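# Understanding the architecture of this molecule
Listed here are the chains, written in short residue letters.
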Amino acid sequence: SIETLDRCRRRARDHGGVDDKSIDHRNRSTEDSDHGGVLFQTGLDSDSQEGGEQSSSESSHHSLPAGAGSELQEVETTAPPAETEDFSEPRGSASLERQLIGAESSRLLSFFSSSGRDRTQPGQKTLGLPNIGNSCFLNSALQCLYSLPSFSGDIRRQEALWSPQRGTSLNLLRDLGELHKSRKGQRSYKDKRGLLRSIKSSLAEFNEEYNDYSEQDAHEFLLLLFMKLKTEAETLQWASSSPSYVCPVQNFEFRLQCVRTCSSCGDKVFQEEKHNNLSLDLHPLLTGGLELYFKASELECTCWRCSGRQATVVRHFLTLPRVLVLHLKRFHRDGRRMRKATDAVSIPPLLSLASLVGEQGDAAGRDTAPTDFSGDKEREHQDVSVKDHCDQTSYRLSGIVSHLGDSIDTGHYISDTAGENGPGWLTLNDRDVRTTAETTVLKTRDQTAYILFYFL
């Protein structure tokens, strides 16, 4: 619409680096007969057959944005016949949300060819999610969530609360549950489109751009999804209709203790912080990024005891989550532009937090420890007390959301997850699913990994 186009122009001018001509180029659209709306040409996905299969001509010819053909030629492949369909290579440009430019095209080709030409196993093909228009950010994050037994299990076990036959306020949870069924082949593949649209639009109350087809940030999507699920849970609990409901977001929540020590008199003040993820600066080692986050820092503040103006702040884990989400800060502002850092980060398959945990409170300071949650079923179900479970500090990698692209304005999100239907790993590129190996994932995603999922 004209209003949307004007809003995009204003936002682009405010942030700099994008002129009206490029805005017009991004907003060229075509009719989507599936729902009567519009999809940006760079985000079209031509899934139409049951199970997401396409003919060879459909899979290798898609609408490209003006000028994109020459850049994407080297990543286009001719699909094999349907009966021997191979998912080792990306097909056409359907899953490329925005034009990949320069050397990034070559890097994308190497990512998809590095694992050989393994085919999907029975039951894996239905795991793919269609692209409903610049929706790779949504698909990649959801795939990592669904691969977590604790998250998908909480949804599955509580179907009686969100079932369509039951009047419930858990609308987002219902959509997530039905989409999970569709991924498992229990519903029509075509249902996925409507469910994905519903999930996306439900977050528009936090960000109105979720009502259109613009590309969004995968990390922001994850946080908004958690926020909406928590809102639904609170609404349900206030109504006292289902007091036993366990919100799946509790799997990701944990508490940090912040200890502020006055540099003059040594007085300590204890505070708690609630988190469901950590954002880390880039470091050659992931463990190094964690150590930087928890490293002691200086803070200017006024001591309540001696009026000193300087303090040292240190943090440690007070409780541990079932699932630890780590966000790597690859995007940063350089003047008026957002730049992407492609620094390599070594990703360990196992991650120990033993050196980052600590005890609650201290008799020498003012203990501001929280209420004891031992009687809270939700908290008891999800939190891992550092004191009582000191041996449970080793996490295993379960999923990676990667951003392929040179900047925040060009690129594509994919995900790699530990296999749901057996050993090994899967690479999920929108609707395309292929098998891969953990060693390959760790080797090829060191420069593109954006969100990491570890579980106890």
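Residues numbered from 1 in each chain as written. Predicted model: local features only at pLDDT ≥ 70, side-chain atom pairs only at ≥ 80, totals over all residues. Heavy atoms only, no water.

## A closer look at the overall build of the protein chain
- A tally of helices and strands in the protein chain yields 14 helices and 18 strands.
- By the burial criterion, 51% of the 456 residues in the protein chain qualify as buried.
- Counting only contacts in the protein chain whose residues sit at least 6 apart along the sequence, the fraction spanning at least 24 positions is 69%.
- Of the roughly 20,100 Å² of accessible surface on the protein chain, a fraction of 48% belongs to carbon and sulfur atoms. (Helix = DSSP H or I, 4+ residues; strand = E, 2+ residues; numbered from the N terminus. Buried < 20%, exposed > 50% of the residue type's maximum accessible area, 1.4 Å probe, protein only. Contact = heavy atoms within 4.5 Å. Areas by Shrake-Rupley, 256 points an atom, 1.4 Å probe, with all protein chains shown as cover.)

## Considerations on the environment of Leu 256
- Among the secondary structure elements, Leu 256 is positioned in strand S3 (residues 254–262).
- Relative accessible area serves as the criterion here: at 0%, Leu 256 is assigned to the buried category.
- Each C-alpha atom of the pair Leu 256 and Glu 273 lies 5.1 Å from the other, and the pair is 17 residues apart in sequence.

## So, the packing of helix H9 (residues 171–183) against helix H10 (residues 191–202)
- The contact between H9 and H10 brings their axes to 9 Å, and the two run at 150°. Taken together, H9 and H10 sit at an angle that is classed as roughly antiparallel. Remark: the crossing between H9 and H10 carries left-handed chirality. Facing H9, whose interface residues are Leu 172, Asp 175, Leu 176, Glu 178, Leu 179, Ser 182 and Arg 183, H10 presents Lys 192, Leu 195, Leu 196, Ser 198, Ile 199 and Ser 202.
- The residue inventory of the contact of H9 with H10, partitioned by class, reads six nonpolar, three polar and four charged. (Axes fitted to C-alpha atoms, helices over the stretch in contact; angles between N-to-C directions. Parallel < 35°, antiparallel > 145°, perpendicular 65-115°, else oblique. Left-handed = near helix turned anticlockwise from the far one by under 90°. Nonpolar A, V, L, I, M, F, W, Y, C, P; charged D, E, K, R; others polar.)

## Comments concerning the environment of Tyr 245
- Position of Tyr 245 among the secondary structure elements: in the loop between helix H11 (218–238) and S3.
- A sequence separation of 12 residues divides Tyr 245 from Ala 233, and the C-alpha atoms of the two residues are 7.6 Å apart.

## Describing the sheet that holds strand S6 (residues 297–300)
- Ordered in space as S4-S3-S7-S6, the four strands form an open sheet in which the pairing is antiparallel. The sheet terminates laterally at strand S4 (268–275) and S6, the two strands that pair on one side only. When strand polarity is set aside, the average angle formed by the axes of neighbouring strands in this sheet is 35°.
- In this sheet, S4 lies alongside S3 in antiparallel orientation, the contact comprising eight bridges. Bridging across to S4, Arg 255 finds its partner in Lys 274.
- Most of the contacts of helix H12 (residues 286–294) go to strand S7 (residues 310–317), to which it runs at about 135°, and overall it touches S3, S4 and S7. (Pairing = 2+ DSSP bridges.)

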